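Each chain is listed here by its residues.
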Amino acid sequence: MKAKKPNAELVWKQLEDLLAPRLRLSVIDRTVYAHLLRHTRLEGKLRLRFSILGLGRNIRLSPGPVREAVRRLVAHGALRIVQRSKLGHVVEVRLPGEIRAARLNRIESRSAAREQGTRARLAVNIEEADFLQDTRLRKAIHARERGQCFYCMRRTTPTVQCLDHVVPQVRLGRNSYRNLVSSCMECNAQKGEKAADDFLRRLYRERRLSATELAARLRALDALASGKLRPALAIDK
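Chemist: Mind showing me how you'd approach the pairing of strand 3 (residues 88–93) here?
Modeler: The buried fraction of strand 3 is high, at six of six residues. Pairing geometry for strand 1 (residues 47–50) and strand 3, over four bridges, is antiparallel. For R47, the partnering residue across the bridge sits in strand 3 and is E92. Relative to strand 3, strand 2 (residues 79–85) is paired through six bridges, and the arrangement is antiparallel. Bridging across to strand 3, R84 finds its partner in H89. Counting the residues between successive antiparallel strands, the hairpin from strand 2 to strand 3 contains two residues.

Chemist: Would you explain helix 6 (residues 135–144) in this entry?
Modeler: Each α-helix winds once per 3.6 residues, and so residues spaced three or four apart point in a common direction. Most of helix 6 is tucked away: seven of the 10 residues are buried. Among all positions in helix 6, only T135, L137, R138, A140, I141, H142 and R144 are buried. By the N-cap criterion, in which a side-chain oxygen at the helix start approaches the backbone nitrogen of a residue two or three places on, helix 6 is capped by D134, the distance to R136 being 2.9 Å. One or two steps after helix 6, the chain reaches R146, where phi turns positive at roughly 55°.

Chemist: Hey, could you run me through the side chain of R138 in this one?
Modeler: By secondary structure assignment, the location of R138 is in helix 6. Separated by 2.3 Å, the side chain of R138 and the backbone oxygen of E16 make a polar contact. In this view, R138 contacts E16, D17, P21, F131, L132 and L163; residues no more than four positions away in its chain are not counted.

Chemist: Looking at this model, I keep getting lost on the sheet that holds strand 3. Mind explaining?
Modeler: Strand pairs in the sheet, formed through backbone hydrogen bonds, run parallel or antiparallel to each other. Pairing is antiparallel across the open sheet formed by three strands, whose spatial order is 1-3-2. Edge strands, defined here as strands with exactly one partner in the open sheet, are strand 1 and strand 2. The average undirected angle you get between the axes of adjacent strands in this sheet is 20°.

Chemist: Looking at this model, I keep getting lost on the packing of helix 1 (residues 8–23) against helix 6. Mind explaining?
Modeler: Helix-helix packing is described using two parameters, namely the angle between the two axes and the distance between the axes. Close contact between helix 1 and helix 6 brings their axes to 10 Å; oriented N to C, the two are set at 125°. On the basis of their axis angle, the class for helix 1 and helix 6 is oblique. Note on packing geometry: the crossing formed by helix 1 with helix 6 is right-handed. Here helix 1 contributes E16, D17, L18 and P21 to the contact with helix 6, which in turn contributes T135, R138 and K139. Each residue belonging to the contact of helix 1 with helix 6 can be placed in one class, and the counts come to two nonpolar, one polar and four charged.

Chemist: Looking at this structure, how should I read the pattern of salt bridges?
Modeler: Working definition: two side chains of opposite charge can pair if their charged atoms are close together. With the rule as written, the count across this model stands at 20 salt bridges. A salt bridge links R138 to D17; its shortest N-O distance comes to 3.2 Å. Pair noted here: R138 is in helix 6 and D17 is in helix 1, with a separation of 121 residues, a long-range link. Among the residues examined, R138 registers a relative accessible area of 2% and is labelled buried. Given a relative accessible area of 11%, D17 falls into the buried group. For R201, the salt bridge goes to D198, with nearest N and O atoms at 4.0 Å. On the criterion of helical spacing, the pair formed by R201 and D198 is a turn pair, its members being three residues apart in helix 8 (residues 196–205). Exposure remark for D198: the relative accessible area of 45% places this residue in the partly exposed category. Through salt bridges with shared partners, one network takes in R60, R154, E186, R202, E206 and R208.

Conventions used here
- Counting starts from 1 at the beginning of each chain's written sequence and moves along it residue by residue.
- Totals for whole chains, interfaces and linings use all residues, but because this is a predicted model, local features are given only for residues with pLDDT of at least 70 and pairs of side-chain atoms are given and counted only at 80 or more.
- Side-chain measures here rest on the full set of heavy atoms in the structure, leaving out hydrogens and waters.
- Throughout, exposure labels follow a simple rule: accessible area from a 1.4 Å probe, protein chains only, divided by the maximum for the residue type, with under 20% read as buried, over 50% as exposed, and the rest as partly exposed.
- Helix numbers and strand numbers start at the N terminus; a helix is a DSSP run of H or I with at least 4 residues, a strand a run of E with at least 2.
- DSSP bridges decide pairing: two strands pair if at least two such bridges lie between them.
- Residues adjacent in sequence count toward polar contacts only when both atoms are side-chain atoms; beyond that, a polar contact is any pair of N or O atoms within 3.5 Å, and within protein one must be able to donate a hydrogen and the other to accept it.
- Contacts are assigned to residue pairs that have any heavy atoms within 4.5 Å of one another.
- For helices, the fitted axis covers only the stretch in contact; all axes are lines through C-alpha atoms, and the angles between them, taken along N-to-C directions, range from 0 to 180 degrees.
- Angles below 35 degrees are treated as roughly parallel, those above 145 as roughly antiparallel, those between 65 and 115 as roughly perpendicular, and all remaining angles as oblique.
- Each crossing is labelled by how the near helix is turned from the far one, with a counterclockwise turn of less than a right angle marking it left-handed and a clockwise turn marking it right-handed.
- Residue polarity is assigned by list, with Asp, Glu, Lys and Arg as charged and Ala, Val, Leu, Ile, Met, Phe, Trp, Tyr, Cys and Pro as nonpolar; anything else, Gly included, falls into the polar class.
- Whenever a carboxyl oxygen of Asp or Glu lies within 4 Å of a side-chain nitrogen of Lys or Arg, that contact is scored as a salt bridge.

Below you can see the structure in the form of structure tokens.
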């Protein structure tokens, strides 16, 4: 089944800046949705057949979390189950703007209101700002990393960029500029709830970082936590 191919960059901005915060999608939710989106709507198709095991293998996650993520996405209306069988699931994947629970016109108005509120807070203290909920501040984090993944240092584009909590939210990690970095989707998914320094050492063991790069990334972690990596903002007092 064919569908008109949407603007991929716009879809990814809607996903990361609007849909994910609005529906409070987890890292695994976003990874599963993004994978299905890439292989359907961004290729001009409405539906996809997949198995939980095969999907987990493709995105390097175990079947249990993938199955739960699919269930949550169905509940949110991001996916519609067309058929279930022993061969797997047939799903219809909806674009962010087609999801009833997160109509973008409503989200945009609320996002604009949040931006105004955050702008006022920033005039007092940048440390109080929520860098995850404000679109302008999310972009500032990506700009700070200058188009590179904070972890593996590969070049990134808007279609594969996301924000990662250095200290995971489940461990009470904040939405501060001291705890958010721009990363590629692969590192975001693989790191999960791991400690950032342990994940960097894993990248070194896998030869995705050199010894020099590992040392630099560990220093960057220290600088981030101490507030030395402040993003550039129009209002920064």
